[in-house]
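Commentary on secondary and tertiary structure
As a plain string of letters, each chain reads:
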Amino acid sequence: MNIRPYQESDAESVSTLWDEVFPNNPSHSSPKLIISQKLAVQPELFFVTQISSVIVGTIMAEYDGHRGWLYTVAFSPQYQRQGIDRDRMPQNQSPSSYLQCRSS
């Protein structure tokens, strides 16, 4: 398992994963739109999880200067409930710890 920052080359794989995990997302939440918006603001807080070079998970986070938030947490159904998701953040930390901000 490899946890790393999102790369532009991941767009198609992430879109496919999100379509699988969030099948009823409205058009204003299309993967292409959400990815482009995230890359414009704190792109360093967009992570993917790979297993055997396949993207099986994502986490997007945000930090507002006071609090850290997780959103668009997705994990491929075939890998859910195996304990893999506990390790999705770098160094097994929350974005708040990653950015050294206070959690509340």
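Use the structure listed above.
Considering the pattern of salt bridges
- Counted according to the given criterion, the structure contains one salt bridge.
- Close ionic contact of Arg 4 with Asp 10 constitutes a salt bridge, the shortest N to O distance being 2.7 Å. Considered together, Arg 4 and Asp 10 belong to a single accessibility category, that of buried residues.

Concerning the packing of aromatic side chains
- Applying the stated rule across the entire model yields two aromatic pairs.
- Each ring, one from Tyr 6 and one from Phe 46, has its centre 4.3 Å from the other, and the planes form 5°; the classification is stacked. Of the two residues, Tyr 6 sits in the loop between strand 1 (2-5) and helix 1 (11-21) while Phe 46 sits in strand 2 (residues 46-51), which places them 40 residues apart along the sequence. Side by side, Tyr 6 and Phe 46 carry an identical accessibility label, which is buried.
- Cluster of aromatic residues (ring-pair linked, three or more members): Tyr 6, Trp 18 and Phe 46.

Comments concerning unusual backbone geometry
- The residue Ser 52 is not glycine, and still its phi comes out positive at about 50°.
- Counting through the fold element by element, Ser 52 comes out in the loop between strand 2 and strand 3 (54-63).
- Looking at Ser 52, the relative accessible area reads 66%, which means it is exposed.
- A positive phi angle, near 65°, is found at Ser 53, a position not held by glycine.
- For Ser 53, the position within the fold is in the loop between strand 2 and strand 3.
- Residue Ser 53 is classed as exposed on the basis of its relative accessible area of 65%.

Digging into helix 2 (residues 31-40)
- For helix 2, the set of buried residues is Pro 31, Ile 34, Ile 35 and Lys 38. One side of helix 2 holds all its buried residues, which, seen down the axis, span an arc of 100°. In helix 2, the exposed positions that point more than 90 degrees away from the buried face belong to Lys 32 and Ala 40.
- Where helix 2 is buried, its residues meet helix 1, strand 2, strand 3 and strand 4 (68-75).
- Immediately beyond the C-terminal end of helix 2, within one or two residues, lies Gln 42, with a positive phi of roughly 50°.

Procedures and definitions
Residues numbered from 1 in each chain as written. Predicted model: local features only at pLDDT ≥ 70, side-chain atom pairs only at ≥ 80, totals over all residues. Heavy atoms only, no water. Salt bridge = Lys/Arg side-chain N within 4 Å of Asp/Glu carboxyl O. Buried < 20%, exposed > 50% of the residue type's maximum accessible area, 1.4 Å probe, protein only. Phe/Tyr/Trp six-rings, centres within 6.5 Å; stacked < 30°, edge-to-face > 60°. Helix = DSSP H or I, 4+ residues; strand = E, 2+ residues; numbered from the N terminus. Arc of directions from axis to C-beta. Contact = heavy atoms within 4.5 Å.

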